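Tertiary structure, described
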Amino acid sequence: MPISTRRQSGSMPKPKATAQDKGKQPIRPTATVADDDPMEGDLTELSSSGDEDEGMDGEEEIESEFPEEENSDKDERDSDYDGRNSMLFPMPKRRKLEKVKASKNTIPPKEASLSKPKNKRPSRRVQGRLQNMLSLPLDVLFIIFTKMQPADLLSLARTSKCLREILMSRKSLSVWKSVRRSAGITEVPEPPEDMSEPAWAELLFGPAVCSGCSAKNIHRVDFALRRRLCTVCRKTKLVLSTKFTSQCPGVKDSIINLLPYTRVGGWAHGHASNSRFYWKPDVYEMNQKLNALEEGVATGQPGAKQALKAFRAERVVLVDSIMQECDALDSWATRELQAQEANDRLLRERRDEELKARILSLGFVMDDINHIGWYNVPGANLAKEFTETTWKRLKPKVESTLNAARVARLAAERWQRECAAKRKCEQAYTMLLKEILPVQRLYLPTLSQVTELSCFKDLMDPDRDVSEAQWDHAITELPKALGEWMVEHRDHLIAMLPSAPAIELQPMPVMRLSDPSTNDHFRRSGMAKFAGPLELATSVFRSNKGVILIGRDACNTWKDPAIKLQYCARGAQAAQSLVQLQHIDGIEMTPATLDSMDRRFVCENCLPSEAECHSWRSCIEHWTTKTDTAHSGEPQWRRMRHDEAEEFAAHEWDPAHDLSDWPESWLCNHCYGHLSPPSAMHMIPRLHNGDRESAVSHVRTRHGIQNPVDDVDIFAFPMIGQGAYYPPCLPLSLVAGLEHPNWEIEVSRRLAARSWGYD
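A brief look at the structure comes next. Note that the structure is a prediction, hence the values are computed from the model and not measured.

Here the structure, examined in full by the defined rule, presents 10 aromatic pairs. On the numbers, 6.2 Å between centres and 45° between planes, the contact of Phe456 with Trp471 is tilted. Within this pair, whereas Phe456 is found in helix 15 (residues 454-457), its partner Trp471 is found in helix 16 (residues 468-476), the two being separated by 15 residues in sequence. Centroid distance Phe541 to Tyr567: 6.2 Å. Interplanar angle 80°. Geometry classified as edge-to-face. Taken together, the positions of Phe541 in strand 3 (residues 540-543) and Tyr567 in strand 5 (residues 565-567) put the pair 26 residues apart, joining distant regions of the chain. The partly exposed category is assigned to Tyr567, whose relative accessible area is 28%. Grouping aromatic residues by their ring pairs yields a cluster made of Tyr443, Trp485, Phe530 and Trp558. The positively charged end of Lys356 is found above the aromatic ring belonging to Trp374, 5.0 Å away from the centroid. Positioned above the aromatic ring of Phe717 is the side chain of Arg441, whose terminal nitrogen or guanidinium carbon lies 5.7 Å from the ring centre.

One pass over the full model with this rule turns up 24 salt bridges. In this structure, Arg409 engages Asp368 in a salt bridge whose closest nitrogen and oxygen atoms are separated by 2.5 Å. On the criterion of sequence distance, the pair formed by Arg409 in helix 14 (residues 388-433) and Asp368 in helix 13 (residues 366-372) is long-range, its members being 41 residues apart. Per residue, the accessibility class of Arg409 equals that of Asp368, and both read buried.

For the rest of this paragraph, the subject is the environment of Arg600. Mapped onto the elements of the fold, Arg600 is located in strand 6 (residues 600-603). On the basis of relative accessibility, which here comes to 4%, the residue Arg600 falls in the buried class. When the C-alpha atoms of Arg600 and Cys613 are compared, they prove to be 6.3 Å apart, with 13 residues separating the residues in sequence. At 2.8 Å, the side chain of Arg600 forms a polar contact with the side chain of Asp598.

A few words now on the pairing of strand 10 (residues 714-718). With 5 of 5 residues buried, strand 10 is to be regarded as a mostly interior element. On strand 10, burial covers both faces: Ile714, Ala716 and Pro718 on one face and Phe715 and Phe717 on the other are all buried. Summarising the sheet, strand 9 (residues 664-668) and strand 10 pair through 5 bridges and their orientation is antiparallel. By the bridge assignment for strand 10, Ser665 is matched with Phe717.

Parameters at a glance
Residues numbered from 1 in each chain as written. Predicted model: local features only at pLDDT ≥ 70, side-chain atom pairs only at ≥ 80, totals over all residues. Heavy atoms only, no water. Phe/Tyr/Trp six-rings, centres within 6.5 Å; stacked < 30°, edge-to-face > 60°. Helix = DSSP H or I, 4+ residues; strand = E, 2+ residues; numbered from the N terminus. Buried < 20%, exposed > 50% of the residue type's maximum accessible area, 1.4 Å probe, protein only. Lys NZ or Arg CZ within 6 Å of the ring centre and 35° of its normal. Salt bridge = Lys/Arg side-chain N within 4 Å of Asp/Glu carboxyl O. Polar contact = N/O pair within 3.5 Å; in protein donor to acceptor, adjacent residues only side chain to side chain. Pairing = 2+ DSSP bridges.

Purely spatial values, then, with no claim about function.
Now the structure itself:
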C-alpha cells in the first residue's frame, strides 16, 4: 500500500507512463499540488474487489438477491455491517451470486430470442425499488448517505461507476466526515495527513482481511504501516532493521529513514518489542522512487536535485508524524474496543430481556428454555436492537424450537421419575436381601426384575403421583410379592413335567435370618422341598443354549428371561435309572444327596473300549448326548467299587489346571459377611466370589462350624443359566496303572477340552 500525501490523493491516479514517455516527463516532487480544483477532484482510489471496471453504468439498477417481501423482514444478522468497528470485530460475509457457466446445453443468444418465452417472474433488475435512486437530487442523496455506516458507504461506492464518481468527489467530503463522526462508540480520530476520508474509513471500517494475502479475520490495524497484517505476512514480508542489508540486497540502508516501521514482528504473538520492522513492498517501492529521482540528478535534468532534496525532507517529516500519532491511535483502538464490548453487553441484556418476555407471553416456561440453554434460542445473545420486525421474523423459529424443547423436557422428566422409582425399588430390595436366608437367592429375581413385582408394578407409572405412604406399604408387601413371584415361575416349570411326583406344593415364603424358624432343620429339610418337584434330581431341563440343568439349577434361570427351558426326557430317564441304582426312595433324592455320595458309574451301553468313569451328573450329560443304537433303549449303569472309584477320583484333576474358571461361587448360608449380597443378583457374565475352600474357612472361623455341610452351611451359586460343577469323565483304559505314560496327558486334555459352561 503506497503512502501518499493528502494533496496527492486529491486526484485520481493518472494512467501509467509507457517506457517511451518516461524520458519526456519532467521529474516533479511527489508532494505537488493537484492542478484540478480541490472541490471538484476525486478523493482517493479505493481498493476494490476487482469489479471496478466491470461495474454497472449509472442507469443500471442495483439488483437485490432477496425477494421484495423478504427484504422488509430481514434481520440484522444478515446485514453486511452491524454498526461495529470492523477493525475490532469481524464483519458478516456477503452472500455471493452464482454465475451460470456456459455449457453444451446452453441456448445461444439468437436461438434464445427465438425460443418461446416462459412465464417467469420479472427479475429484480426490472422491478427493483431502487432503480430510480440516481435520479434523486444530489442533496437528497447526501442526506441518505449520511445515515449510513462507513462500511455500507464503501460498499455503495463500489456498486456502479456513477455512485463511485459521486462518493469519490470532493463535494461528498462532508458526507464522509459525518459518517465517520457517528460511526464509533467513542470519537473516531481525524484521518492522518497522508490519508483521505475514504481511505481512513477503508482502514478502520473496511473488511477485516490481511492487506498482503487477503487472509480473513484480521481485525488489528497496524497504524504505522497503514495495514492489517496476518502472522504469515509479518513473518515473510517484514524486514528487520538489523538484517536490512541481507534481506533487501541492492537497497541502501539509508532508505529506512524515509519509511515508517512497526514494533510488532511475526514471532511476537502481537506484542510490541524494541526492534523495527519495515514492510518489504514499501522498501522496494521507495527504492524505485529514489532511483528515478537520482537518475534525474545524474542526467542533469533541471530541478532534479531540488526535487530529491525536498522529497527526502518531506518523507522524514511524514514518517515522524506517523510514528508520533501511532500511540494515540492504538490507545483509541483499545478504548473503542472496551466501549464496544460494554455496549454489546448492554444490547445483549436488553435484547435478551425483551426476547425472554415475549417467549414467556407465548405460554412457555423457563424450564423449556433451560432445557436447551438460552444460547440455543433463536435470536438470543446478539448485540442488536430488538424490534417488532425482529420478533415477527423470530417468532416462528422460537415457537418451533421451544415446542421441541418442551417435548424433550417432559420426556426427560418422565424418564427421571421412572429412574427414581426404580432406584427406590432396588434400594428396598437390596436391604431385604441382607436379611433373607442366603440360599434363597437361587430362586429370587435380580435387581433389574424387582420392578415387575406386584407390590411395585403399579407404582412404576411415571405419570402417577405416588405418596411416601404408598411406598412404605409397597415395601412392607415386598416379601409377599417375592413369594408370589417364585410360585408363579415354579408352577410354570412344573407344568412341563410329564408326571409330577406326589409332592404337595407349598408356598415359597421368604425366610429371614432373624426368624427363629430359620434353623438348621429348615436349612436341611425345608429347603429340600422348597420348590417342590423341582428340587429332585429327576427334574432335568435343557436350555435354549444347550445346557443341561438339574433340580434347583433350573430355578436360577428365572433371573434371565432370555433363557428358555424345555423338559429333557432322556436326561430324566438317566437320572431315574441312577436313583433306582442307589436303592433310595426317589421322592427324596435331590442333587445335593447324590453329590454327597460322590459315586462313580460306568455306562454298560457303551463298548468296552469306549467305557468311561462318570459321576452321576456326567452320566446324565453322557446319556443326553449319545443317540446311537446302543443307547436307544434303557440306560444301564454299573456302580464302581469304592476302592476303584477312589482310584479314579484321586486322579481326575490335573494339578496344573486352574479350576477357578468354573462358573460358580460358594457362599455362606448363615450370614452375608462372606460375600456381597447384590453381586449375584446382577446378570454378569461371571462371578469372582470365591471357591468352596474359602467358604468353608469362613464358616469355621466366623460361625464355629468345624464340619460344614453342603446346602446346609454352605451352598454353590452357579452362574445364571449354568449347571453345577462335576468332575470330568475318564476312559477305563487308563486304569491299568498309575504309572501309565498317557495318564496325566489324558487328564489334562479332557480338562482343557471341557466346556466350562459360559462363553
